[in-house]
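Now for the letters of each chain:
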Amino acid sequence: MKGDSKQHLLDAVSVLMKPLAKLLIDNGVTHSDLSEVLKDVYVDSVVRHYDSGAKVNRSQIAVMTGLTRKEVKRVIDRALEEGDSRRSKSRPERVLSGWFNDPNFAGPYGVPLELPYEALSDEKSFVQLVRTYGADMSPKATLEELKRGGCVIEVDGSIKAVRRDFHFAVLSAELIERFGEVIHKVLSTATFNLQKTEPEDGFFDRLVYAENGCTPEVIDRFNVYLKEYGQYFLEDIDRWFASNESKNRRDEQRKETGLYMVHYIEGPQETTSLAELLAEKGLTAESQNS
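Residues numbered from 1 in each chain as written. Predicted model: local features only at pLDDT ≥ 70, side-chain atom pairs only at ≥ 80, totals over all residues. Heavy atoms only, no water.

A.B. asks: Can you help me understand a nonpolar patch on the surface in this one?
C.D. replies: On the surface, a nonpolar cluster with roughly 890 Å² of combined accessible area is contributed by Phe-204, Phe-222, Tyr-225, Tyr-229, Tyr-232, Phe-233, Leu-234, Leu-259 and Met-261. One can find Phe-204 in the loop between helix H8 (173-194) and helix H9 (216-243). (Patch = residues over 30% accessible without salt bridge, like charges linked within 9 Å, V, L, I, M, F, W, Y side chains within 5 Å. Areas by Shrake-Rupley, 256 points an atom, 1.4 Å probe, with all protein chains shown as cover. Salt bridge = Lys/Arg side-chain N within 4 Å of Asp/Glu carboxyl O. Helix = DSSP H or I, 4+ residues; strand = E, 2+ residues; numbered from the N terminus.)

This is how it looks when you write it as structure tokens:
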């Protein structure tokens, strides 16, 4: 049974990797590049979830990952040399969320206040907003980023928020980083639900789809509908988090939580197997052996 589960998991990984493989190939990421990243991920997972000792057990890591001890050592050495070298995460969405939800920066009906860039004493300002919600982001860089995203405009010396949803530039570093974070969140929930012991133990994970598919015209209409209603729904959840902030106990550790929504479109050609694709090109096992 365990062997069957292993093959089922590999089949599922093959499916989820197909769109990712195209993205990697389009951007010059080779199989060798990905293989090195996977080595890092496998070692990270064993150290994080299975190695409870005071010291790193390299032999255990090698056995559990299938890597050689030399490869494990190379991964660990690389991690120690690099340290936490990742750049600070861009947080324009958090800045916008605070602007729309924090009573210090929003009016009584959730309308964000128009803010001067800087202000004296305790007056509210855009700089103060960014320092509150943008971590170590530069207020000037944040303003430019929000302008490029069409989220803010300048009116008579003040900065006005005109939309609360932020869109990164195509294939920007921030968008690629967000891509990784989003997929991590989706797969974390899917993995947790896959391993749950009771039906009611899982997290929310639902799917709705058109039973017989849709024509391009109807898909376009659905896209418009979803962007409007879906954004409204997400903003309602955003307000729910803000209204329940005071219920978080200060002495308890917090975990990040939220909801991710995605509109998918999938054609038949995207789900065919490699064997079917080869058959379409006239290649079969018989032709290979002849």
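A.B. asks: Would you mind going over the packing of aromatic side chains with me for this structure?
C.D. replies: When we look at a pair of aromatic rings, we describe it by the centre distance and by the angle of the planes. Counting across every chain of the model gives six aromatic pairs. Both rings, one in Tyr-225 and one in Tyr-229, keep their centres 5.8 Å apart while their planes meet at 5°; by these two values the pair is stacked. One end of the pair, Tyr-225, and the other, Tyr-229, are both in helix H9, four residues apart, so they sit about a helical turn from each other. Take Tyr-225: its relative accessible area is 48%, and that puts it in the partly exposed class. (Phe/Tyr/Trp six-rings, centres within 6.5 Å; stacked < 30°, edge-to-face > 60°. Buried < 20%, exposed > 50% of the residue type's maximum accessible area, 1.4 Å probe, protein only.)

A.B. asks: I would appreciate a short explanation of the sheet that holds strand S2 (residues 152-155) in the present structure.
C.D. replies: Picture the strands of a sheet paired through backbone hydrogen bonds; they go either parallel or antiparallel. The strand order across the open sheet formed by three strands is S1-S3-S2, and the pairing between neighbours is antiparallel. In this open sheet, the two edge strands, each paired with only one partner strand, are strand S1 (115-116) and S2. Relative to strand S3 (residues 158-161), S2 runs antiparallel, the two sharing four bridges. What sits directly across from Glu-154, in S3, is Ile-159. Of the strands in this sheet, S1, S2 and S3 are in contact with helix H5 (residues 92-101), which crosses S3 at around 90°. Those strands touched by helix H7 (residues 139-148) are S2 and S3, and its axis lies near 110° from that of S2. (Pairing = 2+ DSSP bridges. Contact = heavy atoms within 4.5 Å. Axes fitted to C-alpha atoms, helices over the stretch in contact; angles between N-to-C directions.)

A.B. asks: What am I meant to see in the environment of Glu-118 here?
C.D. replies: Positionally, Glu-118 belongs in the loop between S1 and helix H6 (126-133). The spacing of Glu-118 and Gln-128 is 10 residues in sequence and 7.7 Å in space, taken between C-alpha atoms. If we skip the residues at most four places from it in the chain, Glu-118 touches Ser-125 and Val-127.

A.B. asks: Even after reading the chapter, I still don't get the pairing of S3, so can you show me in this structure?
C.D. replies: Along any regular strand the residues' side chains alternate between the sheet's two faces. The pairing of S1 with S3 spans two bridges and is antiparallel. For Pro-116, the partnering residue across the bridge sits in S3 and is Ser-158. Between S2 and the antiparallel strand that follows it, S3, lie two residues; Asp-156 among them carries a positive phi value of about 50°.

A.B. asks: I'm lost on helix H2 (residues 31-49) in this one. Help?
C.D. replies: An α-helical turn contains 3.6 residues, so any two residues separated by three or four positions project in the same direction. With 19 residues, H2 extends 26 Å between its outermost C-alpha atoms, agreeing within 8% with the 27 Å of an ideal straight helix rising 1.5 Å per residue. Among all positions in H2, only Lys-39, Val-43 and Val-46 are buried. Summarising the axial view, the buried residues of H2 lie within an arc of 65°, below the 170-degree limit, and thus occupy one face. Looking at H2, the residues exposed on the side facing more than 90 degrees away from the buried face are Arg-48 and His-49. (Expected span 1.5 Å × (residues − 1). Arc of directions from axis to C-beta.)

A.B. asks: What is the right way to read the pattern of salt bridges from this model?
C.D. replies: Within the structure shown, the criterion is met by 15 salt bridges. Linking Glu-71 and Lys-39 is a salt bridge whose minimum nitrogen-to-oxygen distance equals 3.2 Å. Linking Glu-71 in helix H4 (residues 69-82) with Lys-39 in helix H2, this pair joins segments that are 32 residues apart in sequence. Across this residue pair, the class does not change: Glu-71 and Lys-39 are buried. For Arg-239, the salt bridge is made with Asp-236, and the minimal N-O distance between the two is 3.8 Å. One end of the pair, Arg-239, and the other, Asp-236, are both in helix H9, three residues apart, so they sit about a helical turn from each other. Since its relative accessible area comes to 34%, Arg-239 is described here as partly exposed.

A.B. asks: Where do I start with the packing of H6 against H7 in this structure?
C.D. replies: For any two helices packed against each other, the geometry comes down to the angle between their axes and how far apart the axes lie. The N-to-C vectors of H6 and H7 enclose an angle of 95°; their axes lie 9 Å apart at closest approach. The angle between H6 and H7 places the two elements in the roughly perpendicular class. Touching Phe-126, Val-127 and Val-130 of H6 are Pro-139, Thr-142, Leu-143 and Leu-146, all from H7. Classifying every residue of the contact of H6 with H7 gives six nonpolar, one polar and no charged. (Parallel < 35°, antiparallel > 145°, perpendicular 65-115°, else oblique. Nonpolar A, V, L, I, M, F, W, Y, C, P; charged D, E, K, R; others polar.)

A.B. asks: Is there a simple way to think about the environment of Gly-53 in this case?
C.D. replies: In this structure, Gly-53 sits in the loop between H2 and helix H3 (58-65). Along the primary structure Gly-53 and Glu-211 are separated by 158 residues, whereas in three dimensions their C-alpha atoms are 51 Å apart.

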